[in-house]
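Structural characterization, general
In case you want the letters, here they are:
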Amino acid sequence: MLAYSLRRLLVAIPTILLLIVACFFLMHFAPGGPFTSERPLPPQVLANIEARYGLDQPLWKQLWDYLYNIVVHFDFGPSFKFKDRDVNDIIAQGFPISLTYGTLSFLLATSVGVSLGIAAAIKHNSWIDYFAVGLGIAAQALPNFIMGPILILTFTLWLGWLPGGGWNGGQWQYLIMPVIALATSYMGSIARITRSSMLEVLNSNFIRTARAKGLPTRTVIWRHALKPTLLPVVSYLGPVFVYVLTGSVFVDIYFSTGGLGQAYVGSALSRDYAVLLGVTILYGALTVVVNLLTDLAYAWFDPKIRY
Amino acid sequence: MQKLVRTSLAGLLSSTIIAGAAIAAGTHPQTGEALADDQTFIYRILDEHSSVDPQVVEDVSGAEIVRDLFEGLMNQDEEGNLVPGAATEYTVNDTKDVYTFKLRGDAKWSNGDPVTAGDFVFAWKRAVDPELSSPYAWFMELMSIENAADIIAGDKSVDELGVKAIDDQTLEVRLSAPLPYFPQMTTHSTTFPAPQKVIEEFGDAWTKPENIVSNGAYVLTEHLPQERSVRERNEMYWDNDNTIIDKVVALVINDENVALTRYLAGELDRTEIPAGQYPRLKEEHPEEAISFPRLCNYYYTFNVSDSGPEAFKDPNVRQALSLAVDRAIITEKVLAGGQPEAYTFAPEATANFTVPAVEMASMSQAERDELAKELLAEAGYGPDNPLSFQMVYNTAENHKKVAVALSQMWKQKLGVNAELANMEWKVFLEERGNQNFELARGAWCGDYNEASTFLDLLQSDSGYNDGKYNNARVDELLTEAKTSDDPAPLYTEVERIIAQETPVIPIYHYAGVYMMDSDVGNWPVNNVEQNWYSKNLYKIAE
């Protein structure tokens with residue numbers, strides 16, 4: 001398994017390199033540059049600025065310098081827009097925020113989603129099942145850009161219980177709405193997948209055998225049915241984890257959390273090349289790692305899988 | 001030497017009266033209103049500010065913060081008049097190309113060092129230094145400071161900039177051309193002083209709250225990027241005794257509807273009102289919804305260069321399209337925020353600017369439509385040969401609404417087919433700047449309160465003249481206005497020519513449309529540049 005993991009990580013290096021190169025060229029080919037503005041700079045000033053950031057060099061040279069600085073100094077370059085911060089600062093500031101509420105959303109979505117799904121499958125065609133299915137579908141139909149306004153109107157404007165945005169060092173009052181907004185739609189999907197997977201498992205031969213030999217229902221469910229049930233759920237959870245970290249753009253912007261999503265979108269619009277690349281690399285690396293962890297988790301859930 | 005202390009009466013009054021009496025606990029020294037115990041002002045900004053370095057900052061929200069942290073030679077009062085800032089007075093020589101500013105002796109930086117003329121010299125040299133490559137270096141060029149242009153171009157050394165500290169309290173500025181409105185330009189953040197010692201010690205990181213030293217009424221105490229920045233009273237500020245607001249918090253809220261919700265929930269003292277919502281909010285919160293004119297215009301520009309369509313080279317076509325725009329529909333139905341209709345390029349709110357009686361403004365819309373049809377027919381366009389073109393705007397809900405309204409007016413009244421196209425901001429700027437358009441949206445906010453900040457856009461060699469309008473007489477008038485003692489009649493004539501030739505279609509002039517908590521005192525609604533200073537505000541006890 002160790003050898004397999006190492007092999008996967010080695011393959012990740014050219015993958016990320018390819019990502020950097022593709023992103024670098026796409027970015028530079030987009031019309032407009034970091035210093036295009038409504039008040040166009042006099043050519044001389046523009047030339048001064050471009051020289052300062054090395055943007056007057058040929059593209060291949062810029063790419064090479066960029067990669068060199070990352071590999072040798074772990075320096076992802078300066079921000080063109082925020083003069084007193086570099087990319088490392090921006091990521092160091094925004095990523096912990098995204099990670100915190102992303103992880104919380106993930107845990108919420110998974111725990112509630114899986115519980116709902118299991119309850120629905122065990123009490124198949126009962127009111128619990130209908131309730132869980134209804135809730136699951138409703139949650140799935142509420143993506144974060146619908147949940148955001150609903151939550152903020154309810155809890156901030158009408159009830160006045162929660163602050164309408166900000167982060168405040170991650171104080172719990174500030175966490176509730178972003179976490180719920182981000183979690184609901186994934187929670188719905190997880191509940192649905194768990195339910196159908198559980199139903200299928202409960203109808204399989206080994207469960208019938210387990211029941212036939214007189215095991216109590218609880219043991220049948222926990223010891224025999226749960227693991228195989230979770231296999232398709234886990235394959236869904238891997239991408240979900242990446243999504244809640246990276247797909248939090250809306251939540252960041254809506255709740256002004258200061259997370260990385262804001263920097264990501266902002267840097268694309270302002271052509272802040274280094275910030276955009278830096279965040280892309282981070283997200284790319286994250287995707288690779290999470291995919292690997294998902295694959296390794298399979299082996300634990302399903303003894304038939306060996307690496 | 002002619003002495004010219006243009007200190008306005010209002011400025012004199014406020015400085016003397018306030019200076020005379022220390023603030024009585026709990027009441028405002030002038031108005032006698034009961035003051036709130038918590039003097040914290042919280043407002044929304046659309047986006048993270050670019051910097052709080054005076055020579056680097058390039059966005060409005062950054063400049064607002066910088067104006068609190070640093071103090072330039074001159075300030076503006078609530079009406080936008082010049083009042084003393086770091087300088088108490090200035091004199092100008094007879095040829096109006098050497099200004100001498102006298103700095104106040106009691107001004108200090110937040111670390112206790114005195115504010116000297118040398119701090120301004122350092123800052124101004126910094127602004128033009130190719131090494132810093134300030135995005136606002138051009139402003140120093142616009143101020144006509146001697147050698148600024150050559151230094152920016154790298155042809156001269158920064159030491160040759162026409163600015164000198166005669167002694168610690170005397171700053172001399174030499175201009176390459178007489179510039180009557182030069183003192184007005186010293187209220188711009190690019191001209192604010194910078195602390196040399198601190199910048200040399202910390203480099204680019206000098207603006208971080210733990211390092212920054214400033215000479216304004218406030219110091220930066222907290223900055224959480226993309227979330228908030230906090231500035232608090234500077235105990236070393238020379239006029240600290242008369243400053244009432246203790247703490248100012250700028251919250252970054254990208255979405256204007258969220259900002260409005262948070263305002264209504266009591267989290268903010270000020271936020272912008274989204275387009276179209278002003279009438280409703282005015283009805284529900286008459287004390288809080290406010291609208292006042294601002295120094296910005298909104299227009300569409302014709303591409304009259306070689307790459308533009310043949311039709312737009314005919315002034316009749318351009319004028320017909322302008323005539324057919326029912327401005328009242330746009331301002332009253334689409335935006336509904338109290339914006340003034342525009343028939344001239346420079347807003348009426350501009351200082352010393354008399355709006356010329358352009359013919360179009362005095363006609364009824366029916367008359368305008370009639371004339372538009374005639375002019376278009378004269379130019380050879382009609383039902384058999386309809387005029388078609390593409391109009392571009394940058395992607396935004398408000399711009400789309402205006403563009404749709406315009407194209408419908410043209411379609412219904414003139415049978416013109418205007419195809420709408422929207423582009424992301426940077427792409428839009430690039431295309432418009434390269435004349436890859438037929439008709440494009442434009443908007444401009446004055447860099448200083450003088451009509452030339454707008455009209456210069458129509459000068460043939462202006463870098464901002466994206467439509468490439470070219471009229472020798474306009475160029476001549478604008479050049480003459482630069483050094484004239486009374487440029488108003490020249491501007492009036494420029495506007496007349498523009499109204500006649502219609503290189504642009506002025507649509508409306510901006511209004512500041514805000515929700516402002518009624519306990520915020522002294523918001524400068526009459527300052528059309530919206531150069532506000534937190535030190536002049538106060539919170540009234542509720």
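Just so it is clear, the model here is predicted, and its values are computed rather than measured.

Moving on, we get to the overall build of chain B. Scanning chain B from N- to C-terminus turns up 18 helices and 19 strands. Taking 24 Å as the expected radius of gyration for a compact globule of 542 residues, we find that chain B reaches 24 Å, a close match to that expectation. Looking at chain B as shown, the accessible area adds up to about 20,500 Å², and 48% of this sits on carbon and sulfur atoms.

What follows covers the interface of chain B and chain A. Taken together, the contacts link 48 residues of chain B with 46 residues of chain A. Between chain B and chain A the total buried area reaches about 3,900 Å² when both faces are included, carbon and sulfur atoms providing 54% of it. The three residues of chain B that bury the most area against chain A are Gln226(B), Glu227(B) and Lys426(B), which together make up 16% of that side's buried surface. Seen at the junction of chain B and chain A, the total is 5 salt bridges. Scanning the region where chain B abuts chain A turns up 14 residue pairs in polar contact (both at pLDDT 80 or more). Counting residues per element, the ones that place at least two in the side of chain B that touches chain A are α4 (137–142), α8 (256–264), α15 (425–433) and β16 (439–445) of chain B. Ranked by residues supplied to the side of chain B that touches chain A, first place goes to α15(B) with 6 residues. Among the residues forming the side of chain B that touches chain A, the class breakdown is 22 nonpolar, 9 polar and 17 charged.

Counting 108 residues, the largest nonpolar core has Phe41(B), Leu73(B), Phe101(B), Trp124(B), Ile145(B), Leu171(B) and Phe182(B) as its most contacted members. If you tally residues by element for this core, the top one is helix α12 (residues 273–301) of chain A, at 10 residues. Within the second largest apolar cluster, 63 residues are counted, among which are Leu321(B), Met409(B), Ala451(B) and Ile498(B).

Moving on, we come to the state of the cysteines. Residue and element names in this part refer to chain B. Overall, the coordinates contain 1 disulfide over all chains when judged by the stated rule. A sulfur-sulfur distance of 2.0 Å marks the disulfide that ties Cys296 to Cys445. Torsion about the S-S bond of the Cys296 and Cys445 cystine: about 105°, corresponding to right-handed handedness. Note that Cys296 is positioned in strand β13 (residues 289–302) and Cys445 in strand β16, a separation of 149 residues in sequence. Residue class for Cys296 comes out buried when judged on its relative accessible area of 2%. By relative accessible area, which is 31% here, Cys445 ends up partly exposed.

The subject of this paragraph is the packing of aromatic side chains. Residues and elements named next belong to chain B. With the rule as written, the count across this model stands at 43 aromatic pairs over all chains. Both rings, one in Phe70 and one in Trp206, keep their centres 6.1 Å apart while their planes meet at 70°; by these two values the pair is edge-to-face. Pair noted here: Phe70 is in the loop between α2 (60–69) and β3 (74–76) and Trp206 is in the loop between α7 (196–202) and β9 (218–224), with a separation of 136 residues, a long-range link. Assigned by exposure class, Phe70 and Trp206 land together as buried. Here the aromatic rings of Tyr298 and Tyr508 are separated by 4.6 Å at their centres, their planes lie at 20°, and the arrangement is stacked. Of the two residues, Tyr298 is situated in strand β13 and Tyr508 in strand β17 (residues 504–516); the sequence distance between them amounts to 210 residues. Of the two residues, Tyr298 and Tyr508, both sit in the buried class. Here the aromatic residues Phe41, Tyr43, Phe292, Tyr514, Trp523 and Trp532 are joined through ring pairs into a cluster of three or more.

Residue and element names in this part refer to chain B. On inspection of all chains with the given rule, the structure shows 6 cavities of 30 Å³ or more. Quantified by volume, the largest cavity comes out at close to 80 Å³. Contributing to the lining of the largest cavity are Ser322, Tyr343, Thr344, Phe345, Val358, Met360, Glu495, Ile498, Ala499, Thr502, Val504 and Pro506. Counting residues per element, the ones that place at least two in the lining of the largest cavity are α18 (488–501) and β17. For the lining of the largest cavity, the element with the highest residue contribution is α18, accounting for 3 residues. The class makeup of the residues in the lining of the largest cavity is 8 nonpolar, 3 polar and 1 charged.

All names here are of chain B. When you line up the elements, Thr100 lands in strand β6 (residues 98–103). Residue class for Thr100 comes out buried when judged on its relative accessible area of 17%. Look past the residues within four positions of Thr100 in its chain and what remains in contact with it is Glu89, Tyr90, Thr91, Thr170, Leu171 and Glu172.

This part covers the packing of helix α9 (residues 217–246) of chain A against α12(A). The packing of two helices is summarised by the inter-axis angle and the distance between the axes. Residues and elements named next belong to chain A. Here α9 crosses α12 at 170°, and the two axes come no closer than 10 Å. Here α12 runs roughly antiparallel to α9, going by the angle between their axes. For the pair α9 and α12, the contacting residues are Lys227, Leu230, Leu231, Val234, Ser235, Gly238, Phe241, Val242, Leu245 and Thr246 in the first and Tyr283, Leu286, Thr287, Val290, Thr294, Ala297, Tyr298, Trp300 and Phe301 in the second.

This next bit is on the side chain of Asp447(B). Mapping Asp447(B) onto the fold places it in the loop between β16 and α16 (452–455). With a relative accessible area of 12%, Asp447(B) lands in the buried category. If sequence neighbours within four positions are ignored, Asp447(B) has contacts with Arg39(A), Tyr136(B), Trp138(B), Phe139(B), His188(B), Thr453(B) and Glu529(B).

With that out of the way, let us pick up unusual backbone geometry. Most peptide bonds take the trans form, and the phi angle of most residues other than glycine is negative. With a phi angle near 55°, Arg271(A) is a residue other than glycine that sits in the positive phi range. Tracing the backbone through its elements, the reader meets Arg271(A) in the loop between α11 (260–269) and α12. Even without being a glycine, Lys96(B) presents a positive backbone phi close to 60°. Tracing the backbone through its elements, the reader meets Lys96(B) in the loop between β5 (87–92) and β6.

Before going further, it helps to examine the pairing of strand β7 (residues 163–167) of chain B. Alignment of β7(B) against strand β8 (residues 170–174) of chain B, held across 4 bridges, turns out to be antiparallel. Bridge pairing in β8(B) places Asp167(B) opposite Thr170(B).

Further remarks concern the pattern of salt bridges. Using the criterion set out here, one finds 28 salt bridges over all chains in the structure. Of the charged contacts, one joins Glu424(B) and Arg271(A) as a salt bridge, the two residues approaching to 2.7 Å between their closest N and O atoms. With Glu424(B) in the loop between β15 (417–423) and α15 and Arg271(A) in the loop between α11 and α12, this residue pair bridges two chains. The partner of Arg262(B) in a salt bridge is Glu267(B), and the shortest N-O contact between them spans 2.8 Å.

The grouping of Trp60(A), Trp64(A), Tyr68(A), Val71(A) and Val72(A) at the surface amounts to a nonpolar patch, some 640 Å² of accessible area in total. Looking at where Val72(A) falls in the secondary structure, it is placed in helix α3 (residues 59–73).

Residues and elements named next belong to chain A. Between its first and last C-alpha, helix α1 (residues 2–29) extends 41 Å over 28 residues, near the 40 Å set by a 1.5 Å rise per residue. Those residues of α1 not exposed but buried are Tyr4, Ser5, Ala12, Ile16, Ile20, Cys23, Phe24, Met27 and His28. On its buried side, α1 packs onto α3 and α12.

All right, on to the confidence of the model for chain B then. All names here are of chain B. For chain B, the average pLDDT comes to 91, and 95% of its residues sit at 70 or higher. For chain B, per-element mean pLDDT is lowest for helix α1 (residues 9–20), which scores 41, and highest for β8, which scores 97. Contacts of residues 1–24 to residues separated by more than four positions or lying in other chains number 41 contacts, the stretch itself having pLDDT below 50. Model confidence for the complex is summarised by a pTM of 0.87, with the ipTM given as 0.86.

Here the focus is the pairing of β17(B). All names here are of chain B. Of all 13 residues making up β17, 12 are buried, and the element is well covered by its neighbours. For strand β12 (residues 270–272) and β17, the ladder comprises 3 bridges, and the chain directions are antiparallel. Paired with Glu272 across the strands is Tyr514, a residue of β17. Taken together, the 10 bridges between β13 and β17 define a ladder with antiparallel strand orientation. Paired with Phe292 across the two strands is Gly512, which belongs to β17.

Residues and elements named next belong to chain A. At their nearest, the axes of helix α4 (residues 87–122) and α11 sit 7 Å apart, and the two run at 130° to each other. When the interaxial angle is binned, α4 and α11 end up oblique. Within the contact between the two elements, α4 uses Ile90, Ile91, Gly94, Phe95 and Ser98 and α11 uses Leu260, Gly261 and Ala263. Classifying every residue of the contact of α4 with α11 by side-chain character gives 5 nonpolar, 3 polar and no charged.

Thresholds, definitions, all that
Residues numbered from 1 in each chain as written. Chains lettered and ligands numbered in written order. Predicted model: local features only at pLDDT ≥ 70, side-chain atom pairs only at ≥ 80, totals over all residues. Heavy atoms only, no water. Helix = DSSP H or I, 4+ residues; strand = E, 2+ residues; numbered from the N terminus. Rg over C-alpha atoms; globule rule 2.2 N^0.38 Å. Areas by Shrake-Rupley, 256 points an atom, 1.4 Å probe, with all protein chains shown as cover. Contact = heavy atoms within 4.5 Å. Buried area = accessible area lost by both parts, 1.4 Å probe. Salt bridge = Lys/Arg side-chain N within 4 Å of Asp/Glu carboxyl O. Polar contact = N/O pair within 3.5 Å; in protein donor to acceptor, adjacent residues only side chain to side chain. Nonpolar A, V, L, I, M, F, W, Y, C, P; charged D, E, K, R; others polar. Core = buried A, V, L, I, M, F, W, Y, C linked by side-chain atoms within 4.5 Å. Buried < 20%, exposed > 50% of the residue type's maximum accessible area, 1.4 Å probe, protein only. Disulfide = S-S within 2.5 Å. Phe/Tyr/Trp six-rings, centres within 6.5 Å; stacked < 30°, edge-to-face > 60°. 1 Å grid on protein atoms, 1.4 Å probe; cavity = no way out; pocket = protein on both sides within 12 Å on 5 of 7 lines; lining within 4 Å. Points joined across faces, edges and corners; volume = space filled by probe spheres on them. Axes fitted to C-alpha atoms, helices over the stretch in contact; angles between N-to-C directions. Parallel < 35°, antiparallel > 145°, perpendicular 65-115°, else oblique. Pairing = 2+ DSSP bridges. Patch = residues over 30% accessible without salt bridge, like charges linked within 9 Å, V, L, I, M, F, W, Y side chains within 5 Å. Expected span 1.5 Å × (residues − 1). pLDDT = per-residue confidence, 0-100.

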